[in-house]
Amino acid sequence: ADDPPAAPREPAPAASDGDASGDQAFWGGTVVDGVPRTDKRPTWRAEIYVPRDGGVPLGGNRDRGGVCIRGPNRFSEDEAEADLLEFQKVAEEYKGRGAAKEVRTVSSRLKTDFERQKHVESGHADKGR
């Protein structure tokens, strides 16, 4: 989750036509190059920028700041794009009501599912049985 930012691909438009009060569900999202694998396979991951939960805005748009939430590294750019769409859907659904927390929960679930699938595909899941 604390990986360095990667080079952006195509930014997704920010949700909602929020006004200066900063009522957007998210401020953009994109699919970026993921962390290089040891076997040199390329990876991609989704990143979405959502307003930070809580706090009182101090005089305008985005004063609470925002957070970048990243999805798991994917071996397919299409899978990373699907992650981004899921992040955007959740951000819209929970806009102003803990969206960052909910998107982070989805990201954690996707990362856990991805790691579990890698473990199964490696054959390690069958060892010890």
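What you see is a predicted model, and the numbers here were worked out from it, not measured in a lab. (Residues numbered from 1 in each chain as written. Predicted model: local features only at pLDDT ≥ 70, side-chain atom pairs only at ≥ 80, totals over all residues. Heavy atoms only, no water.)

## Re the nonpolar core
Reasoning step 1: Core analysis: the largest hydrophobic core is formed by 18 residues, its most contacted members being Phe26, Ile48, Val50, Ile69, Phe87, Ala91 and Val103.
Reasoning step 2: For this core, the elements supplying multiple residues, two or more each, are strand 2 (44–51), strand 3 (66–70), helix 1 (77–93) and helix 2 (99–122).
Reasoning step 3: When residues in this core are grouped by element, the largest group, five residues, is from helix 1.
Reasoning step 4: Residue contacts for Ala91: discarding those within four places in its chain leaves Ala25, Phe26, Ile48, Val50, Ala99 and Val103. (Core = buried A, V, L, I, M, F, W, Y, C linked by side-chain atoms within 4.5 Å. Buried < 20%, exposed > 50% of the residue type's maximum accessible area, 1.4 Å probe, protein only. Helix = DSSP H or I, 4+ residues; strand = E, 2+ residues; numbered from the N terminus. Contact = heavy atoms within 4.5 Å.)

## Some words on the environment of Pro72
Reasoning step 1: On the secondary structure map, Pro72 appears in the loop between strand 3 and helix 1.
Reasoning step 2: Judged by its relative accessible area of 4%, Pro72 falls in the buried class.
Reasoning step 3: Remark: the alpha-carbon pair of Pro72 and Val35, spanning 37 residues in sequence, is separated by 9.6 Å.
Reasoning step 4: With sequence-adjacent residues up to four places away left out, Pro72 is seen in contact with Trp44, Arg45, Asp83, Leu110, Lys111 and Phe114.

## A look at the packing of helix 1 against helix 2
Reasoning step 1: Relative to each other, helix 1 and helix 2 sit at 150°, their axes nearing to 9 Å. With respect to helix 2, the element helix 1 is oriented roughly antiparallel. Helix 1 and helix 2 meet at a crossing whose hand is right-handed. For the pair helix 1 and helix 2, the contacting residues are Asp83, Glu86, Phe87, Val90 and Ala91 in the first and Ala99, Glu102, Val103, Val106, Ser107, Arg109 and Leu110 in the second. (Axes fitted to C-alpha atoms, helices over the stretch in contact; angles between N-to-C directions. Parallel < 35°, antiparallel > 145°, perpendicular 65-115°, else oblique. Left-handed = near helix turned anticlockwise from the far one by under 90°.)

## With respect to the packing of aromatic side chains
Reasoning step 1: Enumeration over the complete set of coordinates arrives at one aromatic pair.
Reasoning step 2: Aromatic side chains Phe75 and Phe114 sit 5.7 Å apart centroid to centroid with 45° between the ring planes, which places their arrangement in the tilted category. Taken together, the residues Phe75 in the loop between strand 3 and helix 1 and Phe114 in helix 2 connect sequence positions 39 residues apart.
Reasoning step 3: Its relative accessible area of 28% is what places Phe75 among the partly exposed residues.
Reasoning step 4: Of note, Arg41 hangs over the ring of Phe75, and the distance from its end group to the ring centre comes to 3.8 Å. (Phe/Tyr/Trp six-rings, centres within 6.5 Å; stacked < 30°, edge-to-face > 60°. Lys NZ or Arg CZ within 6 Å of the ring centre and 35° of its normal.)

## Concerning the sheet that holds strand 1 (residues 29–33)
Reasoning step 1: Taken in spatial order, the three strands of this open sheet run 1-2-3, and their pairing is antiparallel. What marks the edges here is a single partner per strand, and that holds for strand 1 and strand 3. Taken pair by pair, the neighbouring strands of this sheet meet at an average axis angle of 25°, ignoring direction.
Reasoning step 2: Looking at chain direction, strand 2 and strand 3 are connected through five bridges and run antiparallel. Bridge assignment links Glu47 to a residue of strand 3, and that residue is Arg70.
Reasoning step 3: Seen against the sheet, helix 1 touches strand 1, strand 2 and strand 3 and runs at an angle of roughly 15° to strand 2. (Pairing = 2+ DSSP bridges.)

## Side note on the pattern of salt bridges
Reasoning step 1: Counted under the stated rule, the structure contains seven salt bridges.
Reasoning step 2: Between Glu47 and Arg45 there is a salt bridge, and its shortest N-O distance comes to 3.9 Å. Residue Glu47 shares its accessibility class with Arg45, and that shared class is buried.
Reasoning step 3: The partner of Arg109 in a salt bridge is Asp113, with the nearest N and O atoms 3.8 Å apart. (Salt bridge = Lys/Arg side-chain N within 4 Å of Asp/Glu carboxyl O.)

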